[in-house]
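Descriptive structure summary
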Amino acid sequence: MENISFPSANVKEINELLRRYGVKFGIYKNGEFKEQLFPFDTIPRVISADSFSYLEKGLIQRVDALNMFLYDIYHEKKIIADKIIPEEFVYISSGYLPQCEGITPPKKIYSHISGIDLVEGKDGEWYILEDNLRIPSGASYPLIARELTRTASPDCFSQSGIVDNRNYAELLRSAMDSVNCGGINAILTPGRYNAAYFEHSYLAELTGAALVQNNELFVEDNMLFQKTYTGGKTRIGALYRRISDEYLDPLTFNPCSVIGVPNLTEAYRAGNVAVINALGNGVADDKGIYYFVPKMIKYYLNEEPILKNAPTYLPFYEEDRKYVLENLEKLVIKDVAEAGGYGVVFGSDLTAEKLADFRQTIINEPRRFIAQEVIDFKDLPIIENGEQVMRKADLRAFVLSGEKTRVWASGLTRFSRNPDSFVVNSSQGGGFKDTWVLSR
Amino acid sequence: MGTISIISVEHSDRLFWLGRYTERFFTTLKALEKLYDSVIDKDQYGYREYLSAFGLSDVYNDYKEFFKSFIFDRSNESSAAYSLSRAYDNGIVLREEISTEALSFIQLALDDLDRAQNSNQGLRLALHPIEDTIFGFWGCVDDHVCDNETRYIIHCGKIIERLDIYLRLKYPFEIIDAEFGRLCRCLSGIPKNSPYHYNQKQLSSLVEIMGLKDGYTEQKDLAVSSLEALFEPTGRS
């Protein structure tokens, strides 16, 4: 990797291009919507060909097992009957949707686009931090950043042997086409003021899918249609929805939703439209279920897990609870109901009094939390005010499931801009990097 | 499977207003540049005629304050800057129709307008690159959009806006007539059952006014209101 040159000399030009091309995300502050640029650092994360090959195998294995788990949970539930996963972990999960019982999505694929969050430990080992199987976002950022970086710094790419990542739209389109039930592909967005609107519209442009909102959709004869401006209708065969399950169909889920499509679940149940990702996936990316994913891999695939989970404890189990209560100050505790970096507490940040309170909360609500050892993951260099400094960073890898399960040879590397923080989420001020996978 | 060639109600509306606001920005800028050229050494209060053409009163201390507000002030709904911001608002939801590349020209124009405000260059010189950028935008849209109906809707918006401003500012008949011809060609390309099919009564009224040739200025208010009502459903043929 020593021969690789980075586009660090063109920071200004690249950021100007990002601005020009509208690479923004929305954020609500004090009840007001603001669009801001997603801070981009030009020094990429570099992954060797060997490392990527290893990650690729592990990620495909994991996502295949998760898809099998989802089918099992909404059908025969063998994994519960065989006592691999306690049933309360499934049924108490807010992501488990009884309304999805018995529904078989096209080709039995539930998670078409999986965003798997990993970190690389200082020992060089990769650890899975989280599976995101509902509406993982972020692929568009390294995708457009690569295009713009290649424009501003072509020399960096001429000698380095970096795998081109600009095939993401092809992978996504192919995943949509492979499950399309007849009709066009569409991306359903909650609208212009959604935090990820840039991504919705950019992916629609690149995949040729229609970008739609709920007020132009309707279900008729258990089929989903888009109204056209001449009063006609166009059938939608695959809907890549960027709206959470609970808001997707007010007649099945939250009746107060004003961004959903009435009767969509019925069209989906009838097999007339593929919903991407499928409804009910939240049961598999629940932080509590995460603990059991290695067991799923053994159960469904009869293979040893290739990628490791971060060492995790479930206070639900007495033995684990005892360990968590005794070691709270050195663990990171996650509320299973939260996402986006919220509900994450580092024991080391708590006062003695707060630790005592937290212990009691865990005793009272053991199912609500998981605890993990703090992984000392590798810092990555970023440029800040013209100087190179080191910051915590994770990697969101994207796995796309269609005819085959494939890993995108890139990913979203997010970093913390705060030197003392492990939290990398954009909603909390984090930035992003491109992820370069080497071809040799 | 997957490629779209359909226009939703929402997008047809956005396309039309993207055309209108982009053109409102451009034509306003051009008109103000022409006006600026005359006020610097002829009539320092010449801008009052411009205000009156749009039914606005003079609340400005001098022509410099007027130009600053009408070009750069995004809170002034009659300013070029305001129109450009609204063009962006409409364009951003049309990325997959018009392309990221085309949308980037609007962002570029917004950034250049901010720069022009603080530039030491003469006003007209500072605004030149922005006009080039808008030409780039239209070139990019025409290059990217293959669907004729999409093209007709956005151009309808563009030409209606241009005609509206030209009529209010009493441009020479030949110029107005040429734009009216363009509008008629666009209107004929939009399907009858769409919200952008013309109202026959309003179109006939416009044809009649155009028949007056240079005398159109006597009927310009009627022409402007006919233009505004061109897509109203009442009496639609």
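Residues numbered from 1 in each chain as written. Chains lettered and ligands numbered in written order. Predicted model: local features only at pLDDT ≥ 70, side-chain atom pairs only at ≥ 80, totals over all residues.

1. Focus: the overall build of chain A
When helices and strands are tallied, chain A shows 14 helices and 21 strands. Radius of gyration (C-alpha) of chain A: 22 Å, near the 22 Å computed for a compact globule of 440 residues. Considering only contacts within chain A whose residues lie at least 6 apart along the sequence, 70% involve residues at least 24 apart. (Helix = DSSP H or I, 4+ residues; strand = E, 2+ residues; numbered from the N terminus. Rg over C-alpha atoms; globule rule 2.2 N^0.38 Å. Contact = placed C-beta atoms within 7 Å.)

2. Regarding the overall build of chain B
Regarding its fold elements, chain B presents 11 helices and 0 strands. What you see in chain B, going N to C, is helices and strands ordered as α-α-α-α-α-α-α-α-α-α-α. What you see for chain B is a C-alpha radius of gyration of 18 Å, in line with the 18 Å of a compact globule of 237 residues. Referenced to the eigenvectors of the C-alpha coordinate spread, the extents of chain B come out at roughly 55 × 45 × 25 Å.

3. Some remarks on the nonpolar core
By size, the foremost hydrophobic cluster in this structure holds 118 residues, and its most contacted members are Phe69(A) and Leu239(A). Considering every element that reaches this core, the biggest residue donor is helix α2 (residues 49-73) of chain A, with 10 residues. When residues of this core are sorted by domain, at least three fall in each of domain 1 (7-304 + 391-437) and domain 2 (311-373) of chain A. Apart from the residues lying within four places of it in its own chain, the contact partners of Leu239(A) are Ala186(A), Leu188(A), Leu224(A), Val273(A), Ala274(A), Val275(A) and Ile276(A). Counting residues in hydrophobic clusters, the runner-up holds 62 residues, among them Trp17(B), Tyr47(B), Phe66(B) and Ile153(B). (Core = buried A, V, L, I, M, F, W, Y, C linked by C-beta atoms within 7 Å. Buried ≥ 20, exposed ≤ 12 C-beta atoms within 10 Å, placed from the backbone. Domains from an automatic or database assignment.)

4. Some points on the interface of chain B and chain A
Contact with chain B, which involves 24 residues of that partner, is made by 29 residues of chain A. Secondary-structure elements contributing two or more residues to the side of chain B that touches chain A are α1 (9-39), α5 (95-98) and α6 (100-117) of chain B. Counting residues per element, the side of chain B that touches chain A draws most heavily on α6(B), which supplies 5 residues. Across the side of chain B that touches chain A, the residue classes break down as 11 nonpolar, 10 polar and 3 charged. (Nonpolar A, V, L, I, M, F, W, Y, C, P; charged D, E, K, R; others polar.)

5. Observations concerning α6(B)
Here α6(B) spans 26 Å end to end across 18 residues, near enough to the 26 Å set by a 1.5 Å rise per residue. Taken together, the buried positions of α6(B) are Thr100(B), Ala102(B), Leu103(B), Ser104(B), Phe105(B), Ile106(B), Leu108(B), Ala109(B), Leu110(B), Asp112(B) and Leu113(B). Buried positions along α6(B) lie against α1 (11-20) and α8 (197-207) of chain A together with α3 (63-72), α4 (80-91), α5 and α7 (123-144) of chain B. (Expected span 1.5 Å × (residues − 1).)

6. Some points on the domain arrangement of chain A
Residues and elements named next belong to chain A. Domain boundaries assigned for chain A yield domain 1 (7-304 + 391-437) and domain 2 (311-373). On a C-alpha basis, the centres of domain 1 and domain 2 stand 28 Å from each other. Among the residues forming the side of domain 1 that touches domain 2, the class breakdown is 4 nonpolar, 5 polar and 2 charged.

7. A word on the packing of α1(A) against helix α5 (residues 140-152) of chain A
Relative placement of two packed helices is described by the angle separating their axes and the distance separating the axes. Residue and element names in this part refer to chain A. Interaxial distance between α1 and α5 falls to 9 Å at its minimum, and their mutual angle equals 135°. With respect to each other, α1 and α5 are oriented oblique. Between α1 and α5 the crossing geometry is right-handed. Contact residues: Glu13, Ile14, Leu17 and Leu18 in α1; Ala145, Leu148, Thr149, Thr151 and Ala152 in α5. Considered class by class, the residues forming the contact of α1 with α5 number 6 nonpolar, 2 polar and 1 charged. (Axes fitted to C-alpha atoms, helices over the stretch in contact; angles between N-to-C directions. Parallel < 35°, antiparallel > 145°, perpendicular 65-115°, else oblique. Left-handed = near helix turned anticlockwise from the far one by under 90°.)

8. Topic: the domain arrangement of chain B
The assigned domain composition of chain B is domain 1 (9-146) and domain 2 (172-237). Placing the centre of domain 1 of chain B and that of domain 2 of chain B at their C-alpha centroids yields a distance of 24 Å.

9. Structural notes on the pairing of strand β1 (residues 24-29) of chain A
Residues and elements named next belong to chain A. Pairing analysis gives 6 bridges linking β1 to strand β2 (residues 32-37), with the strands arranged antiparallel. Each residue of the ladder has a partner; that of Ile27, found in β2, is Lys34. Linkage of β1 to β2, two consecutive antiparallel strands, is achieved through a turn of 2 residues, within which Asn30 is found at a positive phi near 50°. (Pairing = 2+ DSSP bridges.)

10. Notes on the environment of Phe54(B)
Residue and element names in this part refer to chain B. Here Phe54 lies in the loop between α2 (47-53) and α3. Judged by the 12 C-beta atoms lying within 10 Å of it, Phe54 falls in the exposed class. For the pair Phe54 and Ser205, spaced 151 residues apart in the sequence, the C-alpha separation amounts to 21 Å. With residues up to four places along the chain from it excluded, the contact list for Phe54 reads Ser78 and Arg168.

11. A closer look at the sheet that holds strand β13 (residues 312-313) of chain A
Residues and elements named next belong to chain A. Read across the sheet, 4 strands follow the order β13-β16-β14-β15 without closing on themselves; strand pairing throughout is antiparallel. A strand with exactly one partner marks an edge of an open sheet, and here the two such strands are β13 and β15 (344-346). Inspection of the sheet shows β13 paired to strand β16 (residues 369-373) by 2 bridges, in the antiparallel sense. Residue pairing across strands places Tyr313 opposite Ala371, the latter belonging to β16.

12. A word on helix α7 (residues 168-179) of chain A
Over its 12 residues, α7(A) extends 17 Å from the first C-alpha to the last, a length consistent with the 16 Å expected when each residue adds 1.5 Å. What α7(A) keeps buried is the set Tyr168(A), Leu171(A), Leu172(A), Arg173(A), Ala175(A), Met176(A) and Val179(A).

13. A closer look at unusual backbone geometry
In this structure, the amide linkage connecting Ile276(A) to the following residue, Asn277(A), adopts the cis form with an omega of -10°. Relative to the elements of secondary structure, Asn277(A) occurs in the loop between β11 (274-276) and α11 (287-290). Even without being a glycine, Lys83(A) presents a positive backbone phi close to 60°. Residue classification places Lys83(A) among the exposed residues on the basis of 8 C-beta atoms within 10 Å. Phi angles above zero are rare outside glycine, and Lys170(B) is one such case at about 55°. Here Lys170(B) lies in the loop between α8 (148-168) and α9 (173-187).

14. Things to note about the pairing of strand β8 (residues 217-220) of chain A
Sheet faces and side chains relate simply in a regular strand, where the side chains alternate between the two faces. Residues and elements named next belong to chain A. Residues Leu217 and Val219 of β8 are buried on one face, while the alternating residues Phe218 and Glu220, pointing to the opposite face, are not. In the sheet, β8 pairs with strand β9 (residues 223-227) via 4 bridges, with the strands oriented antiparallel. Note that in β9 the partner of Glu220 across the bridge is Met223. If you look at the hairpin formed by β8 and β9, you'll find 2 residues sitting between the two strands, and Asp221 has a positive phi there, around 50°.

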